[in-house]
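Given next are the chains, with one letter for each unit.
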Amino acid sequence: STFVALIDVDEFLVLKTFDNVVDFMDHHCDYRCGQVSINWQNMGTSNQKQYTPIPVTKRNVHYDKSQAMHATIKVIVRPSHVANPMHWRHSAMLKKG
């Protein structure tokens, strides 16, 4: 399977029940599927004032529950299904069919 995602350097995807993104996408997006949309979850600093050499996914584990579901999404797409490959960041226009 071939998938593409535009993920910024300050963003990460936590897969709780899959070992990798390809397995996640194969489970959620069969050959007819063009994309999977994922809501943002804005994480806080967990009151960390100084750098510690702990992965950010372990260090910054707190978030504002009033903003638990952010309205912005990111997508993981199957490039062969994208209508215009140069005009997407957070979502993609897919080909018909």
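Calculation criteria
Residues numbered from 1 in each chain as written. Predicted model: local features only at pLDDT ≥ 70, side-chain atom pairs only at ≥ 80, totals over all residues. Heavy atoms only, no water. Helix = DSSP H or I, 4+ residues; strand = E, 2+ residues; numbered from the N terminus. Buried < 20%, exposed > 50% of the residue type's maximum accessible area, 1.4 Å probe, protein only. Contact = heavy atoms within 4.5 Å. Core = buried A, V, L, I, M, F, W, Y, C linked by side-chain atoms within 4.5 Å. pLDDT = per-residue confidence, 0-100. Pairing = 2+ DSSP bridges. Axes fitted to C-alpha atoms, helices over the stretch in contact; angles between N-to-C directions. Salt bridge = Lys/Arg side-chain N within 4 Å of Asp/Glu carboxyl O.

Draft legend 1. Structural view of the overall build of the protein chain. Helix and strand counts for the protein chain come out as two helices and three strands. In sequence order, the secondary structure elements of the protein chain are arranged as β-α-β-α-β. Across the 97 residues in the protein chain, those meeting the buried criterion constitute 20%. Sequence separation of 24 or more characterises 57% of the internal contacts of the protein chain that already satisfy a separation of 6 or more.

Draft legend 2. Representation of the nonpolar core within the structure. Phe3, Phe24, Met25, Cys29, Cys33, Val36 and Ile76 form the largest nonpolar core, which has seven residues in total. Each residue touching Ile76, except ones within four places of it in the same chain, is listed here: Phe3, Val4, Ala5, Leu13, Val21, Met25, Gly34, Gln35, Val36 and Ile38.

Draft legend 3. A look at the confidence of the model for the protein chain. When pLDDT is averaged along the protein chain, the result is 80, and 85% of the positions lie at 70 or above. Ranking the helices and strands of the protein chain by mean pLDDT puts helix 1 (residues 21-28) first, with 91, and helix 2 (residues 56-59) last, with 81.

Draft legend 4. Looking closely at the sheet that holds strand 3 (residues 73-77). One open sheet accounts for three strands, arranged 1-3-2; its pairing is antiparallel. With one partner strand each, in any of the chains shown, strand 1 (4-5) and strand 2 (35-39) form the two edges of the open sheet. Where strand 1 and strand 3 come together, two bridges link them in antiparallel fashion. Bridge pairing in strand 3 links Val4 to Val77. Running at roughly 110° to strand 2, helix 1 makes contact with strand 2 and strand 3 of the sheet.

Draft legend 5. Representation of the pattern of salt bridges in the model. Applying the stated criterion to the full structure yields three salt bridges. Between Asp8 and Lys74 there is a salt bridge, with the nearest N and O atoms lying 3.8 Å from each other. On the criterion of sequence distance, the pair formed by Asp8 in the loop between strand 1 and helix 1 and Lys74 in strand 3 is long-range, its members being 66 residues apart. Looking at Asp8, the relative accessible area reads 41%, which means it is partly exposed. Across the pair Lys74 and Glu11 runs a salt bridge, and its minimum N-O distance is 3.1 Å. Separated by 63 residues along the polypeptide, Lys74 in strand 3 and Glu11 in the loop between strand 1 and helix 1 bring together distant segments of the chain. Comparing Lys74 with Glu11 shows no difference in burial state: the two are buried.

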